[in-house]
Amino acid sequence: MDYDKLTDEELNKLPKEVLITIFLQLQDNINQLIKTIANLNEQLREMNQKY
């Protein structure tokens, strides 16, 4: 999935409420990715113990 990157100029033009929404969504995405990575690491540990 490819996302368009906003420029500094575009970000500066966005209302504060939009920036807050984007920021909160990014925090949620980061937390979900951290959980996914932790789960994958645990799966790798379990698989390495079996072999």
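Residues numbered from 1 in each chain as written. Predicted model: local features only at pLDDT ≥ 70, side-chain atom pairs only at ≥ 80, totals over all residues. Heavy atoms only, no water.

Draft legend 1. Expanded view of the pattern of salt bridges. This model, assessed by the stated rule, comprises two salt bridges. Measuring nitrogen to oxygen at the nearest pair gives 3.3 Å for the salt bridge that ties K13 to E9. Here E9 and K13 lie together in helix α1 (residues 8-13), a separation of four residues that amounts to about one turn. Of the two residues, K13 and E9, both sit in the exposed class. Salt-bridge contacts for R45 lead to E42; the nearest nitrogen and oxygen are separated by 3.2 Å. (Salt bridge = Lys/Arg side-chain N within 4 Å of Asp/Glu carboxyl O. Helix = DSSP H or I, 4+ residues; strand = E, 2+ residues; numbered from the N terminus. Buried < 20%, exposed > 50% of the residue type's maximum accessible area, 1.4 Å probe, protein only.)

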